[in-house]
Structure formats: C-alpha cells, structure tokens
Amino acid sequence: MSTKYQGILDVGEWQEITPDWKPASPNRPAARRLSYLRRLTRPFKPTLSLSWSSSTRISEKMRSTAYLDGLRGFASLLVYWHHHQLWAHSATHQTQNFEDAFGYDGKYYFAAFHGIRTFFSGGHYAVSTFFVISGYVLSAKPLSLIQDQEYVKLGDNVASALFRRWLRLYLPLIVVTFLYMTSWHIFGLWAVNAQRKDNWKDELRSWYFEFKNFSFLYNQGGDPWFSYQFHSWSIQIEFKGSIVIYSCLLAFSRLTRNARLLCQLILIFYFMYVADGWYAAMFISGMLLCDLDLLAAKNELPRIFSKLQPAKSFIFHHLLVLSIYLGGVPSVTSDISRLKGSRGWYYLSCLKPQAVFDYKWFYLFWAAIFLVSSTPHIPWLKRFFETRPCQHLGRISFGLYLVHGPILWTLGDRLYTATGWYQEAQLEHLSQWVNMLKLPKIGPLGLELSFLAPQIILLPLTLWIAEIFTRLVDKPSVRFAQRLYRRLLPGPIRT
C-alpha cells in the first residue's frame, strides 16, 4: 500500500506533540538497519525515476500547501546553481556580469536579461523566498489554533516548537561542518576558502569556538559568517526569524481578527521602513499570508478582499511578473548609486527606504511576497511546483543547502580546475588538476561547455549526498528534538 504524501505542513517538525505520540518501536533493530542500508543503495532512484507530471494518485493525496514544498525545493536548486556560477566564473573575473543589470556598462549578456537572470543569479531571490515560506509554515498550526480560540493547545504548540527549533536548525549544521573540517586532516584536502590548522585537535578547538559564537542568537561581535560553512548565514537568520514569529503569535493570540492583521502589517512596516529588520519583515509577511489563507478557507476574510475577487487572476499574474522582475535586482554592491545607473532601475531605486542598508533586501522582500502569494492562484505555476521532481527537491532542500557548499569547495573546485576554470591558488595547490580535461569556454555566459561538463558529475552527486544526508542526519535530528522534548515533559502530560 502506498504511503501517504508528506507535505511541508505534514512533517513532524511543524506539528504539535500530541498526547498519543509514541517513540518508534524498538523491535527488530537489526532488520530495520538493513532495510535502511538497502534504501541507501538506491541513490539515484529518487531523482532519475521522477516524472515531470504529477500522477492522479499522488495529486489526490497532496495537500493544498504542497506547492510550498516544491517552491522551496526549486529555490534550493537556484541557490546551488548561483553558487556554482559565481565560483567557476570568478576565475575569469565575470561574476559581476551575472549580478549587474542587463546593459550595465555596455554589457549585454543573456544570463543577465530580465527574468532569465533568475536562473543564473537567483540565489538571494531564493533565500528571501525561504524566509517568507518559513514564516508561513511556522505559523500555520498556531494560527489555526488562534482562529479556533484553542489557547491552551496554542501554548503547548509554541512551547514545543520553540524548544525544538534550535536543535532542528543547528544539529545538521554541526554534523556537516564537523565532517567537512575533519576531512581536511583525514584526507589531506585543500580548500581555497579554508584556513586549515596544523592538526585536527587545534581544528576542533577552532571549530567549536567559532560555532558557539555563531549559533548564539544575541551575539553582537565578530564575523557574521561561519567559516566552516559560509552559506550557513541564513540558518542564523532562520532562527532569529523563528523567534520573531513565535513572539508575535503569542502577543497577537487574543486579539480580534482585524486587530491581529493590522498588528502584522504595522510590524512589517516597522521592520522594513523604520528599522533595518528586512528578514523579520519577510517572516511576518509569511505569517500574514498564512493568516489570510486560513481565513479564506473559512470564508472569513475582511470584506475588502471580496471586492477584489473579480480581478483575482489579473492581480496575481501581474504580481508574478513583478516578482520575477524585482527578484532580479542588481546586487553587486550595496551602493544605491550603482542601482540608479542600471537600466530599468532608476525610478525603482527611489523607493528604497532610508532604514535599509543593503538595498537588495527591500526589493527581494516584495519579490518573495509576490511569488509566494501568487503561486497558489496561478494554476499552471502551482502544478509545476507540485510535480514529483519539485516535491523531491523540497524534501531534501535543507540537506542540499548544507552539503552543496563543501562539495563545491572540494570536488567541484578540482573538476572546474580540470576543465580550465582556475586561479593562482589552484595553480599552487592543485597543479596536478590544472587543465587535466581542458575544454573550450564556448557558449553563452553561464552555459559554457567547460562549465556544464563538471555538472555531469557534480549535480547528481550533490543530489545523492543530499538524499543520504536527509535520511541519516536531517530527519533523525527532527525526531531527536521531538523525543527529547517529549521525555522532558512531566509524566501526566507525556502519557
């Protein structure tokens, strides 16, 4: 019998701990381990066997919010592609060509054209979408309880979620960075962005000191980056945004419907136009979208929305177009004068609030909101994100986000060096890889033969390792946090 589809709101990390919850049965552990290993021996099956069309059987069991899974998965793939583009093309000093506006300084590249640029440099657009989706899914269950006035259950739900959140975000990061830094000393790996210590013991000490500072929510000093995984800056933002969401849920829980919606709008305005809290504005925007969706399902939306109903299709299709345009905001620097000098951005640059330091987050804020809000109302787009490949990417998205960096910095760097993408550091430390399989850099920017060839190995390998990481680390981390919280509850509540 087929298993029930698991959407983004179905997995345990988003749900409350119910009284009838029980740990997995301890019977036949050896058989379970063997079955687990057999599943890992089918590495490419989840990816290669997927059809681009959703079957009727699957779509019948798919929740209405399953598109969020696919959107998150597709966004994680954009992050992967963006990082690979910048990494390889830094060898030819072409990274600015991806993130500058089309036509800036007389340069007209297909990869920088409006809309098309999303598929080459859409990493920041994708991360902003992550934040809005997180605000949506973190508040989904609590908001449903608020609307039903189940305040006791709301307290239990938020308490459980808040207890588990740090563990859910940082345990996988601990594992991937520990293995990455250990590999330097076991295999003698060299990575261009690594400052390897003389021995593993010193490396472990450095890793620990840096991680404890990075993972502290209120840390006000030092570098905001974690040098053992530079891409993990967004995990720190995820945790901060989660605290904002849980605080707002409790603060607004007893308010009337209109007062609650108004307070969310006021906070969004505050974080974007008064204080430089762009990430908090993204999270609360996701919360607001979720609140409106839940109200719409009960036909309890404020009356103003009923007046917009006849133009709904027109509105959301135009919001999608605006999202794609704003999502391609030039982001080479945070200098607004450079944006003003970019074709198609002069008048838009005048909209930037004084409070926002890095202007790109203001435009990406709107781009992400428009994308998440319009997707469920555009049938063809929603169906795309509900396809099996997008759903699979959504399931492994956190693993893909964490492992693609170390793979890029080790194997990826060597393969790109072999096909002709290298700098002085690679000439010095990877001399045996230089031009080993040199290929011509023919083709448009971002689609050169020598760039695409390494993807034959790198893309499926990264997806496979992300699959393994999801099974062995990510999901067990979620279950560990659930069980730990359950064990620490008083006896009457636990039973």
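Structure report, in brief. (Residues numbered from 1 in each chain as written. Predicted model: local features only at pLDDT ≥ 70, side-chain atom pairs only at ≥ 80, totals over all residues. Heavy atoms only, no water.)

### With respect to the overall build of the chain
Logical step 1: The helix and strand tally for the chain stands at 23 helices and zero strands.
Logical step 2: Taken across its 495 residues, the chain has 50% of its residues classed as buried.
Logical step 3: Contacts in the chain between residues at least 24 apart in sequence constitute 74% of all its contacts with a sequence separation of at least 6.
Logical step 4: Carbon together with sulfur atoms contributes 62% to the accessible area of the chain, which is approximately 24100 Å² in total. (Helix = DSSP H or I, 4+ residues; strand = E, 2+ residues; numbered from the N terminus. Buried < 20%, exposed > 50% of the residue type's maximum accessible area, 1.4 Å probe, protein only. Contact = heavy atoms within 4.5 Å. Areas by Shrake-Rupley, 256 points an atom, 1.4 Å probe, with all protein chains shown as cover.)

### Concerning the packing of aromatic side chains
Logical step 1: The tally for this structure, following the rule as stated, stands at 45 aromatic pairs.
Logical step 2: Ring geometry for tyrosine 180 and tryptophan 184: centres 5.1 Å apart, planes at 80 degrees, overall edge-to-face. Here tyrosine 180 pairs with tryptophan 184, and both are found in helix α8 (residues 151-186), just four residues apart, close to one helical turn.
Logical step 3: The exposure class of tyrosine 180 is buried, given its relative accessible area of 6%.
Logical step 4: An angle of 15 degrees between the planes, with centres 6.3 Å apart, marks the rings of tryptophan 207 and phenylalanine 211 as stacked. One end of the pair is tryptophan 207 and the other is phenylalanine 211, both in helix α9 (residues 200-214) and four residues apart, which spans about a single turn. Like phenylalanine 211, tryptophan 207 is buried.
Logical step 5: Taking NZ or CZ as reference, arginine 254 lies 4.0 Å from the ring centre of tyrosine 151, over its face.
Logical step 6: A cation sits over an aromatic face here: lysine 441 above tryptophan 421, 4.7 Å from the ring centre. (Phe/Tyr/Trp six-rings, centres within 6.5 Å; stacked < 30°, edge-to-face > 60°. Lys NZ or Arg CZ within 6 Å of the ring centre and 35° of its normal.)

### Regarding the environment of tryptophan 190
Logical step 1: As for its position among the elements, tryptophan 190 is in the loop between α8 and α9.
Logical step 2: On a C-alpha basis, the gap between tryptophan 190 and glutamine 426 in space is 9.7 Å, while along the polypeptide they are 236 residues apart.
Logical step 3: For tryptophan 190, the residues in contact, after removing those within four places along its chain, are Trp409, Asp413, Arg414, Ala425, Gln426, His429 and Leu430.

### Let's talk about the packing of helix α20 (residues 397-419) against helix α22 (residues 449-488)
Logical step 1: Across the interface, α20 lies against α22 with an axial gap of 8 Å and an inter-helix angle of 150 degrees. In terms of axis orientation, α20 runs roughly antiparallel to α22. Here α20 runs over α22; the crossing is right-handed.
Logical step 2: The residue makeup of the contact of α20 with α22, split by class, is 17 nonpolar, eight polar and one charged. (Axes fitted to C-alpha atoms, helices over the stretch in contact; angles between N-to-C directions. Parallel < 35°, antiparallel > 145°, perpendicular 65-115°, else oblique. Left-handed = near helix turned anticlockwise from the far one by under 90°. Nonpolar A, V, L, I, M, F, W, Y, C, P; charged D, E, K, R; others polar.)

### Here's the deal with the packing of α8 against helix α10 (residues 233-252)
Logical step 1: At a closest axis distance of 10 Å, the pairing of α8 and α10 adopts a crossing angle of 175 degrees. By the criterion of interaxial angle, the relationship of α8 to α10 is roughly antiparallel. In contact with Val158, Ala161, Leu162, Arg165, Trp166, Leu169, Tyr170 and Leu173 of α8, α10 contributes Ile235, Gln236, Glu238, Phe239, Ser242, Ile243, Tyr246 and Leu250.
Logical step 2: Grouping the amino acids of the contact of α8 with α10 by side-chain chemistry returns twelve nonpolar, two polar and two charged.

### Focus: the state of the cysteines
Logical step 1: Considering all chains together, one arrives at zero disulfides under this definition.
Logical step 2: Looking at the unpaired cysteine 263, the closest cysteine sulfur is the one in cysteine 248, lying at 9.1 Å.
Logical step 3: For cysteine 263, a relative accessible area of 25% translates into the label partly exposed. (Disulfide = S-S within 2.5 Å.)

### What to know about the pattern of salt bridges
Logical step 1: Tallied over the full model, the rule gives ten salt bridges.
Logical step 2: As a salt-bridge pair, arginine 338 and aspartate 100 come within 2.9 Å of each other at their nearest N and O atoms. Of this pair, arginine 338 sits in helix α15 (residues 336-340) while aspartate 100 is found in the loop between α5 (95-99) and α6 (118-121), placing the two residues 238 residues apart along the sequence.
Logical step 3: Several salt bridges converge on common partners, so that one network encompasses Arg395, Glu467 and Arg471. (Salt bridge = Lys/Arg side-chain N within 4 Å of Asp/Glu carboxyl O.)

### Topic: the environment of phenylalanine 102
Logical step 1: Structurally, the position occupied by phenylalanine 102 is in the loop between α5 and α6.
Logical step 2: As a C-alpha pair, phenylalanine 102 and alanine 112 span ten residues in sequence and 5.1 Å in three-dimensional space.
Logical step 3: Not counting chain neighbours up to four residues away, the residues in contact with phenylalanine 102 comprise Lys107, Tyr108, Tyr109, Ala112, Phe113, Arg117 and Arg343.

### Comments concerning the environment of isoleucine 336
Logical step 1: Following the sequence through the fold, isoleucine 336 ends up in helix α15.
Logical step 2: Along the chain, isoleucine 336 and tyrosine 346 lie ten residues apart, while their C-alpha atoms are 9.7 Å from each other.
Logical step 3: Aside from chain neighbours lying at most four places away, what touches isoleucine 336 is Ser349, Lys352 and Tyr359.

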